[in-house]
Amino acid sequence: MNAQKLSKRLEAVAKFVPTGAVMADIGSDHAYLPCYLIHKGTASYAIAGEVVKGPYESAVGQVQKENLTEKITVRLADGLAAIEEADHVDTVTIAGMGGPLIVSILEKHPEKLQGVTRLILQPNIHAKVIREWALAHQWAILDEEILEEDDKIYEILVLQRGQMELSTAEILFGPKLSLRKSPAFTKKWLREKDNWQRVLQSIEGAEQTPEIEEKRAELTALIRLVEGVL
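Position numbers for residues start from 1 in each chain and track the written sequence from start to end. Residues qualify for local features only when their pLDDT is at least 70, as the model is predicted, and side-chain atom pairs are given and counted only at 80 or more; totals for whole chains, interfaces and linings, by contrast, use all residues. Only hydrogens and water are removed before side-chain values are computed, so all heavy atoms of the structure are retained for them.

1. A word on empty space enclosed by the protein
A 1.4 Å probe that fits into a set of points on a 1 Å grid over the protein atoms alone but cannot get out defines a cavity; an open set with protein on both sides within 12 Å along at least five of seven lines defines a pocket, and lining residues are those with an atom within 4 Å of a point. Grid points are joined across faces, edges and corners, and a volume is the space filled by probe spheres set on the points. Under the definition given, this model contains 1 cavity of 30 Å³ or more. The space that makes up the largest cavity amounts to roughly 40 Å³. Secondary structure elements follow DSSP: runs of H or I of four or more residues count as helices, runs of E of two or more count as strands, with numbering from the N terminus. In terms of residue count, the dominant contributor to the lining of the largest cavity is strand S7 (residues 152-161) (3 residues). Under this grouping Gly is polar, as are all residues other than the nonpolar Ala, Val, Leu, Ile, Met, Phe, Trp, Tyr, Cys and Pro and the charged Asp, Glu, Lys and Arg. Residue composition of the lining of the largest cavity, grouped by class: 5 nonpolar, 2 polar and 2 charged.

Here it is in structure tokens:
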């Protein structure tokens, strides 16, 4: 992977960035995504934010190597603190982290999102918590994607400002993804169902405490949700 050729996962993130966007890539690592978007003419300007010194220095080096120092600013900052009001950022990408970490980044500096109209979020796990956050903070799901790369399955959520309503199943599976039922979607949730069934079987012989009963009810409900959507 490099600034001209992204991974399948980051390429999928990139396609949701609007043409002409001023974007901030939070947790940018080598700044491959911002460099790619500037080279393609998709983004007009980019901020690459990194909280760790090593990746920050890698991003600085990559931007210099690509001769993009006039189009990309690299900042060492904690999450959304990389965004400044004068940047006029309208699109934020956060990719390659767990859903809870992405939510914590969004919640730590909410004022930095004031001018932002699109969030493109790619959690490695627990996309559900991002949908819950979106519901609570007046963001609506514009689109979703699920894909498999190197035997790992990733979800991408594209959010825009607005209201939405989601059922329990839609919060877990994604309203767009559960309608499309792609092969990656089916594979992910059959795998999850198998895991839940194994845990359920493992607690069948355990002493029946209130905690065990609660866990059994939770797993049974999740398995029924998967069966209902597949």
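Still to come is the rest of the account.
2. Looking at the nonpolar core
To define a nonpolar core, start from buried Ala, Val, Leu, Ile, Met, Phe, Trp, Tyr and Cys residues and group those joined through side-chain atoms within 4.5 Å. When a residue's accessible area, from a 1.4 Å probe over protein chains only, is under 20% of the maximum for its type it is buried; when over 50% it is exposed; and in between it is partly exposed. Residues Val92, Ile94, Leu119, Trp133 and Leu159 are the most contacted members of the largest nonpolar core, which totals 32 residues. Breaking this core down by element, the ones donating at least two residues are strand S1 (21-26), strand S4 (91-97), helix H4 (99-108), strand S5 (118-123), helix H5 (128-136), strand S6 (139-149) and S7. When residues in this core are grouped by element, the largest group, 4 residues, is from H4. Residue contacts are defined here by distance: any two heavy atoms, one from each residue, within 4.5 Å place the two residues in contact. Once residues lying within four places of it in the same chain are set aside, the contact partners of tryptophan 133 are Val103, Leu106, Glu107, Leu113, Leu119, Trp139 and Leu159. Counting residues in hydrophobic clusters, the runner-up holds 30 residues, among them Ala14, Phe16, Tyr36 and Ile72.

3. Thoughts on the pattern of salt bridges
Salt bridge criterion: a side-chain nitrogen from Lys or Arg within 4 Å of a carboxyl oxygen from Asp or Glu. As enumerated under the stated definition, the model contains 17 salt bridges in all. With a shortest N-O distance of 2.7 Å, glutamate 155 and arginine 131 are connected by a salt bridge. Highlighted residues: glutamate 155 in strand S7 and arginine 131 in helix H5, separated in sequence by 24 residues. For glutamate 155, a relative accessible area of 5% gives the class buried. With a closest N to O distance of 3.2 Å, glutamate 213 and arginine 216 form a salt bridge. Taken together, the positions of glutamate 213 and arginine 216, both in helix H9 (residues 210-229) and 3 residues apart, correspond to about one turn of that helix. The exposure class assigned to glutamate 213 is partly exposed, which follows from its relative accessible area of 39%. Overall, the relative accessible area of 18% leaves arginine 216 in the buried class. When salt bridges that share partners are traced, they join Arg131, Glu144, Glu155 and Lys188 into one network.

4. What to know about the packing of aromatic side chains
Only the six-membered ring of Trp is used, alongside the rings of Phe and Tyr, when aromatic pairs are assigned; centres must lie within 6.5 Å, and planes under 30 degrees apart are stacked while those over 60 apart are edge-to-face, with the rest tilted. Throughout the structure, instances matching the rule amount to 4 aromatic pairs. Here the aromatic cluster, defined as three or more aromatic residues joined through ring pairs, consists of Phe173, Phe185, Trp189 and Trp196. Over the ring of tyrosine 154 we find arginine 9, and its NZ or CZ is 5.5 Å from the ring centre. Here, over-ring charges are defined by two tests on the NZ atom of lysine or the CZ atom of arginine: distance to the ring centre within 6 Å, and angle to the ring normal within 35 degrees. Between lysine 188 and the ring centre of tryptophan 189, over which it is positioned, the NZ or CZ distance is 5.0 Å.

5. Things to note about the sheet that holds S1
Reading across the sheet, the 7 strands line up as S3-S2-S1-S4-S5-S7-S6 and stay open at both edges, with mixed pairing between neighbours. Bordering the open sheet on either side are strand S3 (72-76) and S6, each of which pairs with just one other strand. Strand-to-strand twist in this sheet, taken as the mean axis angle between neighbours without regard to direction, amounts to 15 degrees. Pairing between strands is defined by DSSP: at least two bridges between the two strands are required. With 4 bridges joining them, S5 and S7 adopt antiparallel strand pairing. In the strand pairing of S7, arginine 118 is matched with glutamine 160. Of the strands in this sheet, S1, strand S2 (43-50), S3 and S4 are in contact with helix H2 (residues 32-40), which crosses S2 at around 175 degrees. Axes here mean lines fitted to C-alpha atoms, for a helix over just the part in contact, with angles spanning 0 to 180 degrees between N-to-C directions. Contacts between H4 and the sheet are confined to S1, S4 and S5, with S4 contributing the most and set at about 145 degrees to the helix.

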